Each structure stands twice: as C-alpha cells, then as structure tokens.
Amino acid sequence: MRKTTRYPVEGANSLWHVYKTVPFRKVVKNFIVIQLARYTPFLGMKNWLYRTFLRMKVGEQTSFALMVMLDVMFPEKISVGKNTVIGYNTTILAHEYLIKEYRLGAVHIGSEVMIGANSTILPGVTIGDGALVSAGTLVHKDVPEGAFVGGNPMRVIYTKEQLAERWADDPIYGKKTK
C-alpha cells in the first residue's frame, strides 16, 4: 500500500485548488530548475541543482538520465540513495490531484537501484536497496530490496533470492571466485 496523506477539497476538482496547496513562485522556480536539469548532460550538475534548489536528498554518484521528470510541486519529498541510476524519461511523482481530494506522499528510492527508461513512480512508494525496475514500469506499490520488478501493473518478476540464484555464475553480477 502506498503511504500518502489525503486532503479533501470542496467544489471544483483538486487541481483548481493547486495554488492553495503550493505557492505559485515555488512551482515556477522548480519548473525552471527541473527543465535545466532534464537537458544537461552533466550528472554532477543535475545532482547539485536537485540538492541546492529543490531540497532533494540525492546520494553520491547517483545518475539521473536525460529527460527525467521530477515532481514539480513537491520535489523535496523525493529521496534517492547512492549509486542509483534513474533511466531516460522516468517520471517521479510525490503528488496526485484527483476530483475530490489531493494526495501527497514521499518517494524513497534506495541505493544501488536501477530504474529503467520510461518508468513512472507514484507518490508514497519505497523502492528498496538493490532493486531493479524494468523499463516502462508503473511503480504503484513498494518494491522489496533486491527484487526485479516490471510491468503495468507492476509485479515482482524475481525476488532477491531468485536473482542471486540466476546470477550465481555470472561474471559481473554473480559471486566472484578466485
């Protein structure tokens, strides 16, 4: 189950109430920073922009590929561990504006995580350390540590233990013997 906080609205749908929930100037600043980072090929600069201007927690040597789209309203609710790869055109959301309510939820992405291109991560989700997310996945619930997940709806393809067994003899991912 995703961990979000729900806020009911009266009258028009919740997106009509957006600037009651987040300041307009914050959205404009975040949009500009995110657009700059989406197109820059310099990974260190992206991480600096995210940490400095968006107040995100981003681990050392984490890589955001080109065109990654972060939540423009609440990027400070996104944290990413060290040495993680976020694939091309991935979207990470920390909010949902619905008809009768809006929801906010922190997104925690662990260390050594690989997220494939064109994935979407919904608010309130935790992705455990060492997890692998297949390209094009809709991450709508927590991902266990070390698991390989994919699809829409997302499902566990291999558990951490199953992956270890599959990769036992792999020269890169398996146990190295001398």
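Scroll up to find the structure this text is about.
Draft legend 1. Expanded view of the layout of surface pockets. A volume near 320 Å³ is recorded for the largest pocket. Lining of the largest pocket is provided by Gly 130, Leu 132, Gly 146, Lys 160, Leu 163, Ala 164, Trp 167, Ala 168, Tyr 173, Gly 174 and Lys 175. When residues of the lining of the largest pocket are assigned to their parent elements, the largest contribution, three residues, is made by helix H4 (residues 160-166).

Draft legend 2. A look at unusual backbone geometry. Put simply, Asn 152 and Pro 153 share a cis peptide bond, and its omega is 10°. Along the polypeptide, Pro 153 turns up in the loop between strand E16 (148-150) and strand E17 (155-158). Of note in this structure, Arg 55 is not a glycine but carries a positive phi near 60°. Note on placement: Arg 55 falls in the loop between helix H3 (43-54) and strand E2 (57-58). At Glu 112, a residue that is not glycine, the phi angle is positive and equals roughly 60°. With respect to the secondary-structure elements, Glu 112 resides in the loop between strand E10 (107-109) and strand E11 (114-115). Exposure remark for Glu 112: the relative accessible area of 46% places this residue in the partly exposed category.

Draft legend 3. Summary view of the nonpolar core. Counting residues in hydrophobic clusters, the biggest one holds 40 residues, and the most contacted among them are Phe 64, Leu 70, Ile 109, Ile 121 and Ile 127. Listing elements by their share of this core, those giving two or more residues are helix H2 (24-39), H3, strand E5 (78-80), strand E9 (101-104) and E10. Contacts of Phe 64, omitting those with residues within four sequence positions, involve Leu 43, Lys 46, Asn 47, Tyr 50, Met 56, Val 58, Leu 70, Val 80 and Ile 86.

Draft legend 4. How the structure looks around the sheet that holds strand E3 (residues 63-64). Overall, mixed pairing links the six strands, which are arranged E3-E6-E11-E14-E16-E17 in an open sheet. With partners counted over all chains shown, the strands left at the sheet margins are E3 and E17, one partner each. Note that strand E14 (residues 132-133) and E16 share two bridges and pair parallel. Bridge pairing links Val 133 to Val 149 in E16.

Draft legend 5. Fine view of H3. The end-to-end C-alpha distance of H3, which contains twelve residues, comes to 16 Å, matching closely the 16 Å that a straight helix rising 1.5 Å per residue would cover. Burial in H3 covers these residues: Lys 46, Asn 47, Leu 49, Tyr 50 and Leu 54. Down the axis of H3, the buried side of the element spans an arc of 160°, and every buried residue falls inside it. The secondary structure elements touched by the buried residues of H3 are H2, E2, E3 and strand E4 (69-70). At the exit of H3 stands Arg 55, carrying a positive phi of roughly 60°.

Cut-off values and rules
Residues numbered from 1 in each chain as written. Predicted model: local features only at pLDDT ≥ 70, side-chain atom pairs only at ≥ 80, totals over all residues. Heavy atoms only, no water. 1 Å grid on protein atoms, 1.4 Å probe; cavity = no way out; pocket = protein on both sides within 12 Å on 5 of 7 lines; lining within 4 Å. Points joined across faces, edges and corners; volume = space filled by probe spheres on them. Helix = DSSP H or I, 4+ residues; strand = E, 2+ residues; numbered from the N terminus. Buried < 20%, exposed > 50% of the residue type's maximum accessible area, 1.4 Å probe, protein only. Core = buried A, V, L, I, M, F, W, Y, C linked by side-chain atoms within 4.5 Å. Contact = heavy atoms within 4.5 Å. Pairing = 2+ DSSP bridges. Expected span 1.5 Å × (residues − 1). Arc of directions from axis to C-beta.

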